[in-house]
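Summary of the model geometry
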Amino acid sequence: MGTKEIIQEKLERLKQSLLTKALSDGKISSEERMILNAINYDIDNLLDTLDEAFEDGIITSDEKTDLVHLVQRISNDAETTASFDEYISKDEQSLIIRLKRTLVDVQKTIEEL
């Protein structure tokens with residue numbers, strides 16, 4: 001399995017893990033749903049950009065920078081969405097912590113390209 005596939009797998013597992021975490025109390029609040037939707041949108045955007053970067057088999061420094069910025073955007077967007085109502089619940093904070101832990105690993109993998 002190549003680097004691209006490893007990153008893709010980590011991101012897909014992250015999406016599933018966050019959904020499972022959100023459902024752990026038996027329900028997904030509207031705020032959790034908004035956060036998950038924002039994360040999924042940004043992850044899909046990152047995956048598309050990853051595909052484009054690997055298309056020619058060469059990852060340029062600009063492509064690497066773009067990928068790192070997209071990883072950081074996922075985290076920032078999740079926090080912005082969570083604080084939209086000016087309150088971040090324990091459940092929302094738990095999602096964000098889990099998200100950030102995985103994104104740190106994904107970012108390191110990208111930086112090593």
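The numbers attached to residues start from 1 for each chain and follow its sequence in the written order. Totals for whole chains, interfaces and linings use all residues, but because this is a predicted model, local features are given only for residues with pLDDT of at least 70 and pairs of side-chain atoms are given and counted only at 80 or more. Each side-chain value is worked out from all heavy atoms of the structure, with water and hydrogens disregarded.

1. Remarks on the packing of helix α1 (residues 3-22) against helix α2 (residues 30-54)
Packed helices, taken two at a time, are described by their axes: the angle between them and the distance between them. To obtain each axis, a line is fitted to C-alpha atoms, and for helices this fit is confined to the stretch in contact; angles are then taken between N-to-C directions over 0 to 180 degrees. Think of it this way: any DSSP run of H or I at least four residues long counts as a helix, any run of E at least two long counts as a strand, and we number them from the N terminus. Two numbers describe how α1 lies on α2: the axes approach to 11 Å, and their chain directions differ by 175°. With respect to α2, the element α1 is oriented roughly antiparallel. Two secondary-structure elements touch here, α1 through T3, K4, I7, Q8, L11, E12, L14, K15, L18, L19 and A22 and α2 through E32, L36, I39, N40, I43, D44, L46, L47, L50, D51 and F54. Side-chain classes follow a simple rule in which Ala, Val, Leu, Ile, Met, Phe, Trp, Tyr, Cys and Pro form the nonpolar group, Asp, Glu, Lys and Arg form the charged group, and the remainder, Gly included, forms the polar group. Its residues assigned to classes, the contact of α1 with α2 shows 13 nonpolar, 3 polar and 6 charged. Relative orientations are named as follows: roughly parallel for angles under 35 degrees, roughly antiparallel for angles over 145 degrees, roughly perpendicular for angles from 65 to 115 degrees, and oblique for any other angle. Note on contacts: a residue pair is in contact if any heavy atoms of the two residues lie within 4.5 Å.

2. As for the side chain of T49
In this fold, T49 is placed in helix α2. N or O atoms within 3.5 Å of each other form a polar contact, as long as, within protein, one can give a hydrogen and the other can take it, and as long as residues adjacent in sequence are counted only when both atoms are side-chain atoms. A polar contact of 3.0 Å, which involves the side chain of T49, links it to the backbone oxygen of N45. Not counting residues up to four positions away in its chain, the partners in contact with T49 are L67 and L70.

3. Some thoughts on helix α4 (residues 90-111)
When the terminal C-alpha atoms of α4 are compared, their 31 Å separation across 22 residues agrees well with the 32 Å that a helix rising 1.5 Å per residue should span. The buried label applies to any residue whose accessible area, calculated with a 1.4 Å probe on protein chains only, is under 20% of its type's maximum; exposed applies above 50%, and partly exposed to all values in between. Looking only at α4, the buried set comprises E92, L95, I96, L99, L103, V106, Q107, T109 and I110. Mapping the buried residues of α4 onto a view down its axis gives an arc of 140°, with all of them on the same face. Among the exposed residues of α4, those pointing more than 90 degrees away from its buried face are K90 and R101. Buried-residue contacts for α4 involve α1, α2 and α3 (61-82). Between the first and last residue of a helix there are one fewer steps than residues, each counted as 1.5 Å, and that sum is the expected span. What the arc covers is the set of directions going from the helix axis to the C-beta atoms.

Note that every value here comes from positions in space, so none of it alone points to a role or purpose.
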